[in-house]
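These are the residues of each chain, in order.
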Amino acid sequence: MSQQRRKFPPWAFYLLAWTLVGLIYFAQNVTRRFYWDDPNPWQDFRYWMANIYLSALFTPLVVWAGRRWPLEQPWARVLALHTGLSLVWAAGKLTLEAIFHLVWYGLWPVEPRIPMGSEFQLVFLFGFHTSVVAYWVVLSIQAAIRNHHRYRERSEAALRSELRASQLETQVAQARLGALKAQLQPHFLFNTLNAIVVLVRQQKGQQAEETLARFSDLLRAVLADMETQEVTLARELEYLKLYLSIEQLRFSDRLRIDIQVEPELLDAAVPHMGLQPIVENAIAHGVGPRATPGAIVIRAQRVADALHVTVRDDGPGFRVQGTQSGSERHGMGLGLANTRARLKQLYGTAAELRTENGQDGGAQVTMVLPFHFIEDSVAALA
């Protein structure tokens, strides 16, 4: 059980604050008397003591009045009210101060007895204006502290609202990413299953069994990172190699794969299952329609603060064909569209998916990502 922190009692704060004020003014008075070679520089001690501690005693009344009629209320009414209260407060405090001095003289007549009227005149003459000012100073400090607390509460409320909005925005983004990923994975799984069905219909039983075994390994690896939005490039290449081993069984010697990745880039962060739809698109549109062998090159390189992962095939490339609504680029299906949407959700404008025809023919798709290592990133969960 944790102990509650003890709060500084208000009366102790008033006493300490007025003691500090009294010491400052009394030190100034003593310094002046020393300067003029006064033989008794400490003679005003009891006057300052009475003034200061009676002010501390009366301070709760000022605080109560400040809470009852805050300065933030309509200014004219509050000004008139507190002006009257300050006069009453000063008169009451100085009356007690004068009585204190008279009692002091009566018990210890160090100095000649001073008539009662003269004592009241002296106390009011030298202390009335400063007492009125003291009332307003205490009232102003109270108002400043109150406004500070209100400002801090509003700031904390604004921060809490921003935090809730940020959390909600994060949840929405994660939901969108999850939805996009949920579209990609069934698309990939069904395409693979369809390829196995084709092998069975072609009575290639052994090849179909081997494909199923590799598909099982691939499915197990994908499901292990189902909830992860980012993985290392090395991990992504593991998925890709399992997927390509299945495709190579389908296409036999017609599909050649060349992966060019520098070892120092293997720990870089990439979207989970981000490469597979790009490679699948290259196989479907660059190798599938052809009877001759086709090649796909997968290359990763760092360019300044970005990671460029390029998939290039030697097929016919992106063709532009006229339609009723204008023209559209063929070979850009659900896989590439969802990959582009995922990149926008994950990285905003820091990432992009470039599609273009290669200089030597074929289609080229480049995934441009902000370069960071997976251990330095906060893996977003679906």
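Rules of the game
- Residues numbered from 1 in each chain as written.
- Predicted model: local features only at pLDDT ≥ 70, side-chain atom pairs only at ≥ 80, totals over all residues.
- Heavy atoms only, no water.
- Helix = DSSP H or I, 4+ residues; strand = E, 2+ residues; numbered from the N terminus.
- Buried < 20%, exposed > 50% of the residue type's maximum accessible area, 1.4 Å probe, protein only.
- Areas by Shrake-Rupley, 256 points an atom, 1.4 Å probe, with all protein chains shown as cover.
- Patch = residues over 30% accessible without salt bridge, like charges linked within 9 Å, V, L, I, M, F, W, Y side chains within 5 Å.
- Salt bridge = Lys/Arg side-chain N within 4 Å of Asp/Glu carboxyl O.
- Pairing = 2+ DSSP bridges.
- Expected span 1.5 Å × (residues − 1).
- pLDDT = per-residue confidence, 0-100.
- Contact = heavy atoms within 4.5 Å.
- Phe/Tyr/Trp six-rings, centres within 6.5 Å; stacked < 30°, edge-to-face > 60°.

Within the chain, the secondary structure is distributed over eight helices and nine strands. Across the 382 residues in the chain, those meeting the buried criterion constitute 37%. With an accessible surface of roughly 23,100 Å², the chain has 60% of that area assigned to carbon and sulfur atoms.

What follows covers a nonpolar patch on the surface. A cluster of nonpolar side chains, contributed by L20, V21, I24 and Y25, occupies part of the molecular surface with about 380 Å² of accessible area. Note that I24 resides in helix α1 (residues 10-35). Overall, the relative accessible area of 54% leaves I24 in the exposed class.

This part takes up the pairing of strand β9 (residues 363-370). Each regular strand shows side chains that alternate between the opposite faces of the sheet. Counting buried residues in β9 gives seven out of eight residues, a clear majority hidden from the surface. Bridging between strand β5 (residues 306-313) and β9 involves seven bridges; their strand directions are antiparallel. Bridging across to β9, L307 finds its partner in L369. As paired strands, strand β8 (residues 352-357) and β9 are joined by six bridges and run antiparallel to one another. Bridging from a neighbouring strand, E356 pairs with Q364 of β9. What sits between β8 and β9 in their antiparallel hairpin is a turn of five residues, with G361 showing a positive phi close to 95°.

Moving on: helix α6 (residues 233-251). Over its 19 residues, α6 runs 26 Å from end to end, which matches the ideal 27 Å to within 8%, given 1.5 Å per residue. Those residues of α6 that sit buried are L233, E236, L237, Y239, L240, Y243, L244, S245, I246, E247, L249 and F251. Just past α6, the residue S252 takes up positive phi, approximately 55°.

Turning our eyes to something else, we now look at unusual backbone geometry. The backbone phi angle of M273 is positive, close to 60°, even though this residue is not glycine. Turning to its location among the elements, M273 is positioned in the loop between β3 (269-271) and α7 (275-287). Even without being a glycine, A304 presents a positive backbone phi close to 60°. When you line up the elements, A304 lands in the loop between β4 (294-303) and β5.

So, about the pattern of salt bridges. Taken as a whole, this structure holds three salt bridges when the rule is applied. A salt bridge links E238 to R235; the shortest N-O distance between them is 3.0 Å. In this pair, E238 and R235 both sit in helix α6, three residues apart, roughly one turn of the helix. Taking the relative accessible area as the measure of exposure, E238 reaches 41% and is therefore partly exposed. For R235, a relative accessible area of 25% corresponds to the partly exposed category. Salt-bridge contacts for R302 lead to D305; the nearest nitrogen and oxygen are separated by 4.0 Å.

A word on the environment of V63. By the element assignment, V63 lies in helix α2 (residues 45-68). With 75 residues separating them in the primary sequence, V63 and V138 have C-alpha atoms 7.6 Å apart.

With that settled, the discussion passes to the confidence of the model for the chain. Chain-level pLDDT for the chain is 76 on average; 77% of the residues reach the 70-or-more range. Per-residue pLDDT stays below 50 along residues 321-331; that stretch engages in 18 contacts with residues further than four places along the chain or on separate chains. Below a pLDDT of 50 lies the segment residues 376-382, which in the model reaches 14 contacts outside its immediate sequence neighbourhood of four places, other chains included.

Throughout the structure, instances matching the rule amount to six aromatic pairs. Where W64 meets W69, the ring centres are 5.5 Å apart and the plane angle is 85°; that geometry is what we call edge-to-face. A centroid spacing of 6.1 Å and a plane angle of 80° characterise the contact between Y135 and W136, whose relative ring orientation is edge-to-face. A residue is classified by how much of its surface remains accessible, and Y135, at 2% relative accessible area, is buried.

What follows concerns the pairing of β4. One ladder, built from seven bridges, connects strand β2 (residues 255-261) with β4; its direction is parallel. Considered in β4, the bridge of Q260 is made with R299. Pairing of β4 with β5, which is carried by eight bridges, proceeds in the antiparallel orientation. Considered in β5, the bridge of V297 is made with R312. The antiparallel hairpin formed by β4 and β5 contains two residues in its connecting segment, where A304 sits at a positive phi of about 60°.

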